[in-house]
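The primary structure of each chain is shown beneath.
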There are 2 protein chains.
Amino acid sequence: MVKALLSALLVLVAMSSTFGKYIPKTGKRIPQTLSRGWGDQLIWAQTYEEGLYWSRSRNKPLMVLFHLEDCPHSQALRKLFSEDNEIQRTLDEDFIVLNLVYETTDKHLSPDGQYVPRIIFVDPTMTVRADIVGRYSNRMYAYEPSDLKLLLGNMKKAMKLLKSEL
Amino acid sequence: MVKALLSALLVLVAMSSTFGKYIPKTGKRIPQTLSRGWGDQLIWAQTYEEGLYWSRSRNKPLMVLFHLEDCPHSQALRKLFSEDNEIQRTLDEDFIVLNLVYETTDKHLSPDGQYVPRIIFVDPTMTVRADIVGRYSNRMYAYEPSDLKLLLGNMKKAMKLLKSEL
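Residues numbered from 1 in each chain as written. Chains lettered and ligands numbered in written order. Predicted model: local features only at pLDDT ≥ 70, side-chain atom pairs only at ≥ 80, totals over all residues. Heavy atoms only, no water.

Caption draft 1: Representation of the interface of chain A and chain B within the structure. At the interface, 39 residues of chain A touch 39 residues of chain B. Buried area between chain A and chain B, both sides added, is near 3500 Å², and the carbon and sulfur share of it is 47%. For the interface between chain A and chain B, the tally reads 4 salt bridges. Between Asp92(A) and Arg29(B) there is a salt bridge whose closest N-O contact spans 3.1 Å. Counting across the chain A and chain B interface gives 15 residue pairs in polar contact (both at pLDDT 80 or more). Among the elements that take part in the side of chain A that touches chain B, helix H4 (residues 85-94) of chain A stands out by supplying 5 residues, more than any other. Each residue belonging to the side of chain A that touches chain B can be placed in one class, and the counts come to 14 nonpolar, 12 polar and 13 charged. (Contact = heavy atoms within 4.5 Å. Buried area = accessible area lost by both parts, 1.4 Å probe. Salt bridge = Lys/Arg side-chain N within 4 Å of Asp/Glu carboxyl O. Polar contact = N/O pair within 3.5 Å; in protein donor to acceptor, adjacent residues only side chain to side chain. Helix = DSSP H or I, 4+ residues; strand = E, 2+ residues; numbered from the N terminus. Nonpolar A, V, L, I, M, F, W, Y, C, P; charged D, E, K, R; others polar.)

Next up, the structure:
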């Protein structure tokens, strides 16, 4: 009898701890990460305003990466990008990073249009480095998976900060 | 001899697969989530622009939640908020959700100042519902952990959409 009561109690406790957890009708979801697969070990800014703030206050360039989850070009770049030790370390140590799947209202971030994947560097003086471009004249800020060396070179360029005129 | 070569090969393969993973000098980090602990099962917008876009296109109100990771009031509210099944289900089914630790440039989101935790509802017509307020006259959009019932009532108010004047 005591045993039966104890079992009932255990079931109740188990149920109440389950009750606290909301699970969608469509089934449990994997929590979204801010990295979205572009580098789980990096500390990502959530918004452009936040990225600019950290860039200015830490005097590090900001890298803004526009992509789409279901774009095969973005996916291909993401795979190599996230696995490239040197890119990841350099970004972690010397950059503020932001990845966005939704465009901002700031036109400076789309100097030659809105497309993905697209990588724009911003100096801590809040100047968009429109001069740091990739290999393709029709989409100047696009990078293919084979362009990682070029990207790394461009990161080094972004690290040579513009002089603040203030 | 063959065995030794095979072992060496295995070690090399193991090393190269480790090499691909960047680990910060300060040690491995837990990837940041977009939920930041406010509901891992919800689909969070990353930015205000994204939230407005989904709100308009799905005709659902947007809930914007300002908080700070190391603010004890935010933490206390977050614990109950994330464990409240009804709030979580209602948000998941009837709202677009956004949580921000960094203020936007839009002054409409801080009708009586910038403080945390602060919850602002936005109608799909992109109208900030400044009329949906909490219990405190000096911080009208603040909620304490004991205000969850009031918050739920305010969510129901936000679900009664304003008529679009377009």
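Caption draft 2: Quick peek at unusual backbone geometry. All names here are of chain A. The peptide bond linking Val 116 to Pro 117 adopts the cis configuration, its omega dihedral lying at -10°. Considering the arrangement of structural elements, one finds Pro 117 in the loop between strand E3 (96-100) and strand E4 (118-122). With phi around 70°, Met 126 is a residue other than glycine that occupies positive phi space. Positionally, Met 126 belongs in the loop between E4 and helix H5 (148-159).

Caption draft 3: Quick look at the sheet that holds strand E2 (residues 62-66) of chain B. Residue and element names in this part refer to chain B. Strand order in the open sheet formed by 4 strands is E1-E3-E2-E4, and the pairing between neighbours is mixed. Each edge of the open sheet carries a strand with a single partner, namely strand E1 (44-45) and strand E4 (118-122). Relative to strand E3 (residues 96-100), E2 runs parallel, the two sharing 5 bridges. Its bridge partner lying in E3, Phe 66 is registered against Leu 100. (Pairing = 2+ DSSP bridges.)

Caption draft 4: Region of the structure containing helix H4 (residues 85-94) of chain B. Residues and elements named next belong to chain B. Every buried residue of H4 is listed here: Ile 87, Gln 88, Thr 90, Leu 91 and Asp 92. Check the buried side of H4 and you find it contacts E2, helix H3 (72-83), E3 and helix H5 (148-159). Of the residues that open H4, the one with a side-chain oxygen 3.1 Å from the backbone nitrogen of Glu 86 is Asp 84. (Buried < 20%, exposed > 50% of the residue type's maximum accessible area, 1.4 Å probe, protein only.)

Caption draft 5: Inspection of the relation of the copies chain A and chain B at higher detail. Mapping chain A onto chain B calls for a rotation angle of 180° and an axial translation of 0.1 Å; the resulting RMSD is 0.1 Å. Given the turn and translation reported, the copies of this chain are related as if by a two-fold rotation axis. Using C-alpha coordinates, one finds that chain A approaches the rotation axis most closely at Thr33(A), a distance of 2.0 Å. Taken together, the interface assignments show that 100% of the residues at the interface of chain A recur at the interface of chain B, consistent with an identical surface on both copies. (Least-squares fit on C-alpha atoms with pLDDT ≥ 70 in both.)

Caption draft 6: Seen up close, the layout of surface pockets. Considering only enclosed or pocket space, the largest pocket measures out at about 630 Å³ in volume. Lining the largest pocket we find 26 residues, and of these Gln32(A), Ile43(B), Trp44(B), Glu50(B) and Trp54(B) sit closest to its centre. Residue assignment for the lining of the largest pocket shows that the elements contributing at least two residues are E1, helix H2 (48-58), H4 and E3 of chain B. If one sorts the elements of the lining of the largest pocket by residue count, H2(B) sits on top with 4 residues. Quantified by volume, the second largest pocket comes out at close to 440 Å³. Lining the second largest pocket are 20 residues, with Ile43(A), Trp44(A), Glu50(A), Trp54(A) and Arg58(A) positioned closest to its centre. Secondary-structure elements contributing two or more residues to the lining of the second largest pocket are strand E1 (44-45), helix H2 (48-58), H4 and E3 of chain A. Here the lining of the second largest pocket takes 3 residues from H2(A), the largest share from any one element. Here the lining of the second largest pocket is built from residues that sort into 12 nonpolar, 1 polar and 7 charged. (1 Å grid on protein atoms, 1.4 Å probe; cavity = no way out; pocket = protein on both sides within 12 Å on 5 of 7 lines; lining within 4 Å. Points joined across faces, edges and corners; volume = space filled by probe spheres on them.)

Caption draft 7: Structural detail: the sheet that holds E4(A). A sheet is described by the order of its strands in space; here 4 strands give the open sequence E1-E3-E2-E4 (chain A), paired in mixed fashion. At either margin of the open sheet sits one strand with a lone partner, and together these are E1 and E4 of chain A.

Caption draft 8: Representation of the packing of H4(B) against H5(B). Residue and element names in this part refer to chain B. In the contact formed by H4 and H5, the axes pass within 11 Å of each other and the chain directions differ by 20°. Classified by the angle their axes make, H4 and H5 are roughly parallel. The crossing of H4 and H5 is left-handed. For the pair formed by H4 and H5, the contact residues are Glu 86, Ile 87, Thr 90, Leu 91 and Asp 94 on the first element and Leu 148, Leu 151, Leu 152, Met 155, Lys 156 and Met 159 on the second. (Axes fitted to C-alpha atoms, helices over the stretch in contact; angles between N-to-C directions. Parallel < 35°, antiparallel > 145°, perpendicular 65-115°, else oblique. Left-handed = near helix turned anticlockwise from the far one by under 90°.)

Caption draft 9: Seen up close, the packing of helix H3 (residues 72-83) of chain A against H4(A). All names here are of chain A. Relative orientation of the contacting elements H3 and H4 amounts to 75°, with a least axis distance of 5 Å. The orientation of H3 with respect to H4, classified from their angle, is roughly perpendicular. Taking contact as the criterion, the partners of Phe 81, Ser 82 and Glu 83 in H3 are, on H4, Asn 85, Ile 87, Gln 88 and Leu 91. The residue makeup of the contact of H3 with H4, split by class, is 3 nonpolar, 3 polar and 1 charged.

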